[in-house]
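Structural characterization, general
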Amino acid sequence: MSSAQFEIQLIASLVAIACAIPGTFLVLRKMAMISDAISHSILPGIVVGFFITQDLNSPLLILLAAITGVITVVLVEYIQKTGLVKEDTAIGLVFPVLFSVGVIMIAKNANDVHLDVDAVLLGELAFAPFDRLLISEVDVGPKSLWVIGIILMITITLLIAFFKELKLSTFDKGLAASLGFSPAIIHYGLMSVSSITTVGAFDAVGAILVVALMIAPSASAYLLTKNLKKMLFLSIVFGVFSAISGYWFANWLDASIAGSITTLLGLLFLAIYLFAPNKGIIAVLYREKQQRTEVSLLTFLLHLKNHDEVSERHVNHLNEHINWQKVRAKTVLDLAIKNNMIVIDNNIVSLTSKGNTFTSQAIDYIITNEDAQIEDMKDDFFLFRG
Amino acid sequence: MNNKIAVQVDDLTVAYNYKPVLWDIDLEIPEGVLMAIVGPNGAGKSTLIKSILGILNPIAGSVSIYGKSYKKQRSLVAYVPQKGSVDWDFPTTALDVVMMGTYGSLGWIKRPRQKEKKATLEALEKVGMLPFKNRQISQLSGGQQQRIFLARALVQDAAIYFMDEPFQGVDATTEIAIINILKELRKVGKTVVVVHHDLQTVPEYFDWVTFLNVKKIATGPVKDIFNDDNLTKTYGINYKVSIQE
Ligand SMILES: Nc1ncnc2c1ncn2[C@@H]1O[C@H](COP(=O)(O)OP(=O)(O)OP(=O)(O)O)[C@@H](O)[C@H]1O
Ligand SMILES: [Mg+2]
């Protein structure tokens, strides 16, 4: 691996981390769309900054563009506050306008500006190592590495300092306000960090990848954990993993690095969406099926409890009487036997004492919804997990 | 009860998008009362509490807590929001939510330590939720979530408690457990203000009541003003509740 290859992966990984942190809070605040808006509407800020500084990595340009990002948020909220349109409509109104202003500014000055819309949207990670930062003639590494590195340091410092405030105001804005932690300050702080990260990263990876890196890893992590710190950690891991594997994927396909990383992020999310243990589609479908079986089981046990007559408890009779198909009846019988709830003697089914207690408790629970006594049954039966 | 005024609201008008939902409210809440705020859905009960707590900015009027502005008296006030106002799928545990009650006294940046943890566990114990402390909050029942919110207010150790529908969606056992805690708070001299929907239980639970429907209809001791006349004025329909003396 050459040093340029290493540097590209390092830059991509740092961008991934810098995006995952604000991204986690955007996802939890259900504001994913806002990052899309910011990523587009920073364009006029970048263009104006570029006119002034002639350098895509200049701090002034980053600041100007980040301010455009925050202005976007303010405009969206202002339009939304009029009560005439919903938030997504407001977003859809604001960012295309700002983005077009940027496009027109570039087109008008095409001759003397080395800046094009493609570069802003898609970036060019492969070229990032060639733009070096020289300090008194000494090469200290790629410029974008420094830019994103500094932004990341700031983000991490803010995260550590204000973790408690971010968590509180994300979970319960009202309480935050009543305790004196102004939700507005925290909100605009988060918006500023998101804007600065987007601007700092676009030169290396492009605005589209920034959006993907902010949202996909956090959305995936959200499906896997119930702990905010773990969610942050997982989004960082997912981001870095996609960044590095995306790089090698692009290398192998000889394709765009940003495109490959974005594709991998999509695949990663899809895989987690399908296979996540609790919230994943497959787990949910499995749970629903289990619950259906358990309801059948309960119906069946209740039937046994209510009917002492031998004729009512014959295996064949059950098929007809409860009106189940063979497969369903067999699944239910097997489940009941496995749990020692029934015994079958000469094709006559009877409840065991365990089955008897279970039925009473379960019915009791369904009627009263008091779940203290069935706490230990939750592990075995989905039915009781709410 | 003495004659001190815990909360004073003067000429308060609050609007969303320039449409007033509270008109010219004057209200005095004496120290040490257990007060119900009653009124139909959309009457502005939550809005009133939020305005007192500085969460919303009124377009006119003022609020004082023991004679000073809310900003100066934050530490004296605890708040239980309406349960539906937060996302219960948020990745956090019961313990952590209750711990949020300590953030106010900590201030910016500082983290909760042993002392805060201890207060949190005590509050969980008091509402009977200690066994559930590590549960993710989405896996709590509605009544348990309500208890968690109550514990979070208790941990604030305030002088005045504002609670927005703490009985919403709880069963009889939880309701009794909650009201006993509220009565205990009153016994030690705290002021408790509760948005309440079940008119039948007002005389049994509360000693003070405020009728609200965009305007303040009446406020005072339950035994003096909790009558059909005020109920009808507030709810707009001919209301009859029997009050046992
Ligand atoms: N964020 C908001 N934006 C616009 N209007 C709002 C907002 N919140 C509340 N309202 C309106 O203000 C009025 C008062 O609302 P509020 O929530 O204070 O009522 P409430 O008395 O607490 O009702 P409920 O019993 O349903 O909780 C209602 O008409 C409501 O539609
Ligand atoms: Mg309300």
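In this report, we go over the structure that sits alongside the text. (Residues numbered from 1 in each chain as written. Chains lettered and ligands numbered in written order. Predicted model: local features only at pLDDT ≥ 70, side-chain atom pairs only at ≥ 80, totals over all residues. Heavy atoms only, no water.)

**Regarding the interface of chain A and chain B**
Here is the rule we go by: Contacts between residues were defined by any pair of non-hydrogen atoms, one from each residue, lying within 4.5 Å. Defined in terms of a 1.4 Å probe, buried area is the accessible area two parts forfeit on being brought together, summed over both. Any Lys or Arg side-chain nitrogen located within 4 Å of an Asp or Glu carboxyl oxygen qualifies as a salt bridge.
Counting from both sides, the interface comprises 33 residues of chain A and, opposite them, 34 residues of chain B. Interface of chain A and chain B: buried area, both sides summed, is about 2,900 Å²; carbon and sulfur atoms make up 61% of it. Interface area lost by chain A to chain B is led by Lys164(A), Phe171(A) and Lys226(A), which between them contribute 26%. On the surface where chain A and chain B come into contact, there are three salt bridges. Across the salt bridge formed by Lys167(A) and Asp96(B), the nearest N and O atoms sit 2.7 Å from each other.

**Re the site of ligand 1**
Residues and elements named next belong to chain B. Basically, it comes down to this: Working definition: residue near molecule or strand if any one of its non-hydrogen atoms lies within 4 Å of it. A 3.5 Å cut-off defines polar contacts: any pair of N or O atoms within that distance qualifies, except that in protein one atom must be a possible hydrogen donor and the other a possible acceptor, and neighbouring residues in sequence count only when both atoms are side-chain atoms. Only DSSP runs of H or I with at least four residues qualify as helices, and only runs of E with at least two residues qualify as strands; both kinds are numbered from the N terminus onward. Only Asp, Glu, Lys and Arg are considered charged in this grouping, and only Ala, Val, Leu, Ile, Met, Phe, Trp, Tyr, Cys and Pro are considered nonpolar; every other residue, Gly among them, is considered polar.
With respect to spatial proximity, 13 residues lie near ligand 1, and among them Gly-42, Gly-44, Lys-45, Ser-46 and Thr-47 are the closest. Between ligand 1 and Ser-46 there is a distance of 2.7 Å, counted from an oxygen atom to a side-chain nitrogen or oxygen. One of the side-chain nitrogen or oxygen atoms of Gln-82 is found 3.0 Å away from an oxygen atom of ligand 1. Counting residues per element, the shell around ligand 1 draws most heavily on helix 1 (residues 45-52), which supplies three residues. For the shell around ligand 1, the class distribution of residues is four nonpolar, seven polar and two charged.

**Brief notes about the sheet that holds strand 7 (residues 191-195) of chain B**
All names here are of chain B. Threshold: DSSP calls a pair of strands paired once it identifies at least 2 bridges connecting them. Under this scheme, a helix contributes an axis fitted over its contacting stretch, all axes are lines through C-alpha atoms, and angles between N-to-C directions fall in the 0 to 180 degree range.
Reading across the sheet, the six strands line up as 5-6-7-3-8-9 and stay open at both edges, with mixed pairing between neighbours. Pairing within the sheet leaves two strands with one partner each, and these edge strands are strand 5 (77-80) and strand 9 (215-221). Ignoring strand direction, the axes of neighbouring strands in this sheet form an average angle of 15°. Here five bridges tie strand 6 (residues 160-164) to strand 7, and the two strands are oriented parallel to one another. By the bridge assignment for strand 7, Met-163 is matched with Val-194. Each of strand 3 (34-38), strand 8 (208-213) and strand 9 is contacted by helix 10 (residues 228-235), which is oriented at about 30° to strand 8, the strand it contacts most.

**Describing the pairing of strand 7 of chain B**
All names here are of chain B. To keep things clear, this is the line we draw: To sort residues, take the accessible area from a 1.4 Å probe on protein chains only and compare it with the maximum for the residue type: under 20% means buried, over 50% means exposed, and anything in between is partly exposed. Looking down the strands as they point away from you, a crossover is right-handed if its path from the first strand over the helix to the second goes clockwise.
The buried fraction of strand 7 is high, at five of five residues. Burial along strand 7 is two-sided: Thr-191, Val-193 and Val-195 and Val-192 and Val-194, pointing in opposite directions, are all buried. Of the pairings in the sheet, the one linking strand 3 to strand 7 comprises four bridges and is parallel in character. For Ile-37, the partnering residue across the bridge sits in strand 7 and is Val-195. Following the chain from strand 6 across helix 7 (residues 172-187) to the adjacent parallel strand 7, one finds a crossover that is right-handed.

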